[in-house]
Amino acid sequence: MSDPFMHLLGIEVCSVGAGQAHLVAEVRPQHLNIHGTCHGGFLYSLADAAFALASNSHGVAAVALVTHMEYFKSVREGDRLEARASEEHLGRHTATYRIEIAREGQTVALFTGTVYRLSETKEKQ
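Residues numbered from 1 in each chain as written. Predicted model: local features only at pLDDT ≥ 70, side-chain atom pairs only at ≥ 80, totals over all residues. Heavy atoms only, no water.

Participant: Can you walk me through the pattern of salt bridges in this structure?
Facilitator: Pairing of side chains with opposite charge becomes possible as their charged atoms draw close. Counting across every chain of the model gives three salt bridges. Between R98 and E100 there is a salt bridge, and its shortest N-O distance comes to 3.1 Å. Since its relative accessible area comes to 31%, R98 is described here as partly exposed. Relative accessible area serves as the criterion here: at 29%, E100 is assigned to the partly exposed category. (Salt bridge = Lys/Arg side-chain N within 4 Å of Asp/Glu carboxyl O. Buried < 20%, exposed > 50% of the residue type's maximum accessible area, 1.4 Å probe, protein only.)

Participant: Quick question: what am I supposed to make of the packing of aromatic side chains here?
Facilitator: The way to describe two aromatic rings as a pair is by their centre distance and the angle between their planes. Enumeration over the complete set of coordinates arrives at three aromatic pairs. Each ring, one from F51 and one from Y97, has its centre 6.0 Å from the other, and the planes form 65 degrees; the classification is edge-to-face. Of the two residues, F51 is situated in helix α2 (residues 40–55) and Y97 in strand β5 (residues 94–103); the sequence distance between them amounts to 46 residues. The pair formed by F51 and Y97 is uniform in burial state, with each residue classed as buried. Through a chain of ring-to-ring contacts, three or more aromatic side chains come together here, namely Y44, F51, Y97 and F111. (Phe/Tyr/Trp six-rings, centres within 6.5 Å; stacked < 30°, edge-to-face > 60°. Helix = DSSP H or I, 4+ residues; strand = E, 2+ residues; numbered from the N terminus.)

Participant: Help me understand α2, please; the structure alone is not making it clear to me.
Facilitator: In an α-helix, one turn spans 3.6 residues; hence positions three or four apart end up facing the same way. For α2, which comprises 16 residues, the first-to-last C-alpha distance of 22 Å matches the rise-based estimate of 22 Å (1.5 Å per residue) to within 8%. Residues of α2 that are buried: F42, L43, S45, L46, A47, A49, A50, F51, L53, A54 and S55. (Expected span 1.5 Å × (residues − 1).)

Participant: Sorry if this is basic, but what is going on with unusual backbone geometry here?
Facilitator: Its identity as a non-glycine residue notwithstanding, E104 has a phi of 50 degrees, on the positive side. Locating E104 in the fold gives a position in the loop between β5 and β6 (106–117). The class for E104 is exposed, based on a relative accessible area of 80%.

Participant: Looking at this model, I keep getting lost on the environment of H39. Mind explaining?
Facilitator: Counting through the fold element by element, H39 comes out in the loop between β2 (20–26) and α2. Linking H39 and A95, residues 56 residues apart in sequence, is a C-alpha distance of 28 Å. If we skip the residues at most four places from it in the chain, H39 touches H31, L32 and N33. Only 2.8 Å separates the side chain of H39 from the backbone nitrogen of G41, close enough to count as a polar contact. (Contact = heavy atoms within 4.5 Å. Polar contact = N/O pair within 3.5 Å; in protein donor to acceptor, adjacent residues only side chain to side chain.)

Participant: Whenever I open this one, the side chain of R103 confuses me. Can you help?
Facilitator: By the element assignment, R103 lies in strand β5. For R103, a relative accessible area of 16% translates into the label buried. Within polar-contact distance, the side chain of R103 engages the backbone oxygen of S74 at 2.8 Å.

And the structure:
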């Protein structure tokens, strides 16, 4: 499971399960910012992709309501990153997820997000 934007960025899906997702990506030259380190937008996109896959893994369409990203460590070209999404809360109408971005087991960024879960009626409209 992937989308065109993930493919463009070089994000690979390792696994998707109920409320979970595991993705990997290597930081390439085109992912760098003006300081020569990984652009925050690339890290955000990696986390957001894991968020989307995990939140839509229950067979009910889910769309983002709010997200938050914190950056802890700089990331360099050639670094291999892992994004692991876990479900923190699953309700009838909303669900919240935590996505950790890690390099060699060390967390470099943390993303949290809440989705609105669409009803089957709204999906058909």
